Amino acid sequence: MTRESLLVLRDLQTWYGESHILHGVSLDVAEGEVVTLLGRNGAGKTTTLKSIMGLARHRRGSVAFGGQETVHLSPNRIARMGIAFCPEERGIFSSLNVRENLTLPPVIRDGGMSLDEVYDLFPILLERGGSVGTKLSGGEQQMLAIARILRTGAKFLLLDEPTEGLAPVIVEQIGRIINVLKERGYTILLVEQNFRFASTVADRHYVVEHGRIVDEVSGNAVSSNREKLEAYLGV
Amino acid sequence: MMEILGIPAPVFLGQLLLGAINGAFYAVLSLGLALIFGLLNLINFAHGTFYMLGAFVSWLGLRYLGIDYWTSLVVAPLAVALFGIVIERTMLKRLYDLDHLYGLLLTFGLALVIEGVFRQLHGASGQPYAIPSALSGGVNLGFMYLPVYRAWVILASLVMCLVTWLIIERTKLGALLRAATENPDLVRAFGVNVSLMITVVFGFGAALAAFAGVLAAPIYSVNPIMGANLIIVVFAVVVIGGMGSIMGAILSGFLLGLVEGLTKVYWPEASSVVAFMVMAVVLMVKPAGLFGRNA
Ligand SMILES: Nc1ncnc2c1ncn2[C@@H]1O[C@H](COP(=O)(O)OP(=O)(O)OP(=O)(O)O)[C@@H](O)[C@H]1O
Ligand SMILES: [Mg+2]
């Protein structure tokens, strides 16, 4: 790899109570890259993101971000290093309207998008600003969940299945947005089960199975590895 | 003499006023309880104790340090908030990962201990606290006599509730609080120090209770069990309003006070249980409470 790694996971192990979920995940994400975690339901993709974010607290091994070890830090400290998280369930707050949801995450450093830029990318959010956050459609909620972490100045995004359950047009739109973000220098670790979608946006793919990384495929090798990937994902 | 619904007007309005005053205390107390319940998921059994402490700090301050009522109105809530913060940091904090029952038990035990200490030191009988001279006397409204201090209590409570509500519903800080109440982990993942927020909210809830206690000191006698008597009804208020609902807590606080006042007029024997009758009915008809989100 020519570019320097921004995020380095080494032998990451995570527990939920007594259950041992991650059994030593190691991966690298270079600055400016879009990398996906592919894998079946329950493979440990979300847990990997939550472990990076510190939301899965009981973890061991090494998670280095920008050369700094974070495995012992709390989520708010990790977030302040410049990592932002968009959860699988989207996490739109029902007691906040769209505008409040959008401006909720505090700006942690310079270099984030301005509110105008965000509205340029997601015009629907300006239109629906006064609505209750959870009254939006699934696609709009997903847009909101992505949009709100772009203002903070965090340049490393963890996106957990942003296309899950959405109509093809919306999936396409999210794909375009991810490409725009990439052009703007964001680094993205993306969880996906839809590898056709993943192959349109990502530089590399890791395959997660039973809490381990079992394979790595580069973006341009997806078509030649199609059968293997389909087998991993059970599609 | 003028009558309202078959009752002499002054009697009727007098009871309504008493009801409104109780309602003011219910509102301020249940507001703090609801805030704490929302963010900490804690049923704070020590809330009545904070109210009692507010009244006692005020009384002790006047008696031993010459701190007047107006200063007490600021100092007592601050002192009790500080006490609450110490409790949260040193004890409650350790229980967040455990079943909610432990927090309830801890605060219940704390309430018993603190009340016991005050009973030991000051006896169970009440200590009088004089109404500040600026608020003594009353006005004859023609149809009834309105003591100034009582009007002040209602006004001060209303303003306190309204300001708190505005902060929660209309400010950035309030939005963070609402969000953290819904999903604290996600708010942490946005870089917010939710633990600090929890501490501040617990302190603020304690301060609100103490504020009510200072207001109450000249009306009720200052005694160690003044909070224990009140807090049971306040729990009913919180349930009626909808656990954790801010507006619900405020409105049902005032509402319940008035309902109690009216019950005193028409069916005095029932006035001490009417709160629980209302609670039972509300739970049957709308289990999430009048203003609660249905789960
Ligand atoms: N809070 C939890 N407590 C206990 N076990 C959990 C918890 N969350 C997830 N698990 C378990 O951990 C394993 C990995 O879950 P995870 O959510 O990381 O999977 P995933 O790859 O994201 O799956 P999906 O594609 O369904 O989102 C699963 O077996 C799941 O049942
Ligand atoms: Mg998942």
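Owing to the predicted nature of the structure, the values given are computational and were not obtained by experimental measurement.

Draft legend 1. Molecular detail of the coordination of the magnesium ion (ligand 2). Surrounding the magnesium ion (ligand 2) are the protein donor atoms A:Thr46 (OG1) and A:Glu88 (OE), which sit 1.8 to 2.3 Å from the metal. Taken together, the positions of A:Thr46 in helix α1 (residues 45-53) and A:Glu88 in the loop between β6 (83-86) and α3 (98-103) put the pair 42 residues apart, joining distant regions of the chain.

Draft legend 2. Representation of the pairing of strand β10 (residues 212-218) of chain A within the structure. All names here are of chain A. As paired strands, strand β9 (residues 204-209) and β10 are joined by six bridges and run antiparallel to one another. Bridged to His205 within β10 is Val217. Connecting β9 to the next strand, β10, in antiparallel fashion are two residues, including His210 with a positive phi near 45°.

Draft legend 3. Focus on the nonpolar core. Ranked by internal contacts, the top residues of the largest apolar core, which has 163 residues, are A:Leu7, A:Phe122, A:Leu189, B:Phe25 and B:Leu215. Sorting elements by how many residues they give to this core places helix α1 (residues 9-40) of chain B first, with 18 residues. Shared between two domains, this core takes at least three residues from each, and those domains are domain 1 (1-82 + 155-167 + 182-235) and domain 2 (90-153) of chain A. Those residues in contact with A:Leu189 that sit more than four places away from it in its chain are A:Leu7, A:Val29, A:Val35, A:Leu37, A:Leu49, A:Ile52, A:Phe156, A:Leu157, A:Leu158 and A:Leu159. A:Ala198, A:Val217, A:Leu229 and A:Leu233 belong to the second-largest nonpolar core, a separate cluster that totals ten residues.

Draft legend 4. Representation of the packing of helix α5 (residues 148-170) of chain B against helix α10 (residues 246-266) of chain B. Residue and element names in this part refer to chain B. Put simply, α5 and α10 touch, their axes get as near as 10 Å, and they point 165° apart. By the angle between their axes, α5 is roughly antiparallel relative to α10. Along this stretch, α5 crosses α10, giving a crossing that reads as left-handed. When α5 is examined against α10, the residues Ser157, Leu158, Cys161, Trp165 and Ile168 are found in contact with a partner set consisting of Ile246, Met247, Ile250 and Phe254. Broken down by class, the residue content of the contact of α5 with α10 amounts to eight nonpolar, one polar and no charged.

Draft legend 5. Molecular detail of the domain arrangement of chain A. All names here are of chain A. Annotation of chain A at the domain level lists domain 1 (1-82 + 155-167 + 182-235) and domain 2 (90-153). Taking only C-alpha atoms into account, the centre of domain 1 sits 24 Å from that of domain 2. If you look at the interface, domain 1 gives 13 residues, while domain 2 gives 14 residues. Carbon and sulfur atoms supply 56% of the area buried between domain 1 and domain 2, which totals about 1,100 Å² over both sides. Together, Arg80, Arg184 and Tyr186 form the three largest contributors to the area buried by domain 1 at its contact with domain 2, with a combined 41%. In this structure, the connection of domain 1 to domain 2 is made through one salt bridge.

Draft legend 6. Local environment of the packing of aromatic side chains. Residues and elements named next belong to chain B. Scanning all chains against the criterion turns up 13 aromatic pairs over all chains. An angle of 55° between the planes, with centres 5.7 Å apart, marks the rings of Phe25 and Tyr220 as tilted. Here Tyr220 lies in the loop between α8 (194-216) and α9 (226-241) and Phe25 lies in helix α1, a separation of 195 residues in the sequence. Judged by relative accessible area, Phe25 falls into the buried class, the value being 0%. With 5.8 Å between their ring centres and 80° between their planes, Phe50 and Phe202 make a pair best called edge-to-face. Separated by 152 residues along the polypeptide, Phe50 in helix α2 (residues 47-65) and Phe202 in helix α8 bring together distant segments of the chain. The exposure classification of Phe50 matches that of Phe202, with both residues buried. Among the aromatic residues, ring-to-ring pairing joins Tyr69, Trp70, Tyr129, Tyr149 and Trp152 into one connected group.

Draft legend 7. A look at the site of ligand 1. All names here are of chain A. The environment of ligand 1 is made up of 13 residues, and the closest members are Asn41, Gly42, Lys45, Thr46 and Thr47. Between Asn41 and ligand 1, the recorded distance is 2.8 Å, taken from a side-chain N or O atom to an oxygen atom. Here an oxygen atom of ligand 1 sits 2.6 Å away from a polar atom, N or O, in the side chain of Thr46. Burial of ligand 1 by the surrounding chains reaches 60%, relative to a free accessible area of 640 Å². Element by element, the count of residues in the shell around ligand 1 is highest for α1, at three residues.

Draft legend 8. Spatial organisation of the pairing of β6(A). Residue and element names in this part refer to chain A. On β6, burial covers both faces: Ile83 and Phe85 on one face and Ala84 and Cys86 on the other are all buried. Sheet topology places β6 next to strand β7 (residues 156-160); four bridges connect them, and they run parallel. Within β7, the residue paired with Ala84 across the bridge is Leu157.

Draft legend 9. Representation of the sheet that holds β6(A) in the model. All names here are of chain A. Taken in spatial order, the six strands make up an open sheet running β6-β7-β8-β3-β9-β10, and their pairing is mixed. Strands with a single pairing partner mark the edges of an open sheet, and in this sheet they are β6 and β10. Between one strand axis and the next, the sheet turns through 20° on average, direction left out of account. Helix α9 (residues 226-233) contacts β3 (34-38), β9 and β10 of the sheet and is inclined by roughly 150° relative to β10.

Draft legend 10. The interface of chain A and chain B, seen in detail. Counting residues at the interface gives 23 residues for chain A, matched by 19 residues for chain B. Interface area, chain A with chain B, both sides summed: about 1,800 Å², of which 59% is carbon and sulfur. Across the contact surface, chain A and chain B share two salt bridges. Residues A:Glu100 and B:Arg178 are paired through a salt bridge, measuring 2.9 Å at the closest nitrogen-oxygen approach. Joining chain A to chain B, the criterion identifies nine residue pairs in polar contact (both at pLDDT 80 or more).

Definitions and limits used
- Residue numbers run consecutively from 1 along every chain, following the written order of its sequence.
- Lettering for chains starts from A, numbering for ligands starts from 1, and both go in the order in which the items are written.
- Totals for whole chains, interfaces and linings use all residues, but because this is a predicted model, local features are given only for residues with pLDDT of at least 70 and pairs of side-chain atoms are given and counted only at 80 or more.
- In computing side-chain properties, one takes all heavy atoms of the structure into account and sets aside hydrogens as well as water.
- Donor selection uses N, O and S atoms within 2.8 Å of the metal (3.2 Å for Na, K and Ca). Since no water is included, sites may look incomplete.
- Secondary structure follows DSSP: runs of H or I at least 4 residues long count as helices, runs of E at least 2 residues long count as strands, and numbering of each begins at the N terminus.
- Note on pairing: DSSP must find at least two bridges between two strands before they are called paired.
- Among buried residues, the Ala, Val, Leu, Ile, Met, Phe, Trp, Tyr and Cys ones that are joined through side-chain atoms within 4.5 Å form a nonpolar core.
- Each residue is placed in one exposure class: buried if its accessible area under a 1.4 Å probe, protein chains only, is under 20% of its type's maximum, exposed if it is over 50%, and partly exposed if it falls in between.
- Note that the domain bounds were set by an automatic or database domain assignment.
- Two residues qualify as a contact provided that any one of their heavy atoms is within 4.5 Å of a heavy atom in the partner residue.
- Axis definition: a line fitted to C-alpha atoms, over the contacting stretch in the case of helices. Angles run 0 to 180 degrees between N-to-C directions.
- Any angle from 65 to 115 degrees is called roughly perpendicular, while one under 35 is roughly parallel, one over 145 is roughly antiparallel, and all others are oblique.
- Note: crossing handedness is left-handed where the near helix turns anticlockwise from the far helix by less than a right angle, and right-handed where it turns clockwise.
- Residues were grouped as follows: Ala, Val, Leu, Ile, Met, Phe, Trp, Tyr, Cys and Pro as nonpolar; Asp, Glu, Lys and Arg as charged; and all remaining residues, including Gly, as polar.
- Buried area is understood as the total, over both parts, of accessible area removed when two parts are fitted together, assessed with a 1.4 Å probe.
- By definition here, a salt bridge exists when the distance from a side-chain nitrogen of Lys or Arg to a carboxyl oxygen of Asp or Glu is within 4 Å.
- Here is the rule: rings of Phe, Tyr and Trp (six-membered ring for Trp) pair when centre to centre is within 6.5 Å. Planes less than 30 degrees apart are stacked, more than 60 are edge-to-face, and the remainder are tilted.
- For this description, a residue counts as near a given molecule or strand if any of its non-hydrogen atoms is within 4 Å of it.
- In protein, a polar contact requires one atom able to donate a hydrogen and another able to accept it; more generally it is a pair of N or O atoms within 3.5 Å, and residues adjacent in sequence count only if both atoms are side-chain atoms.
- Throughout, the Shrake-Rupley method with a 1.4 Å probe supplies accessible areas, and for residues the shown protein chains are the sole cover considered.

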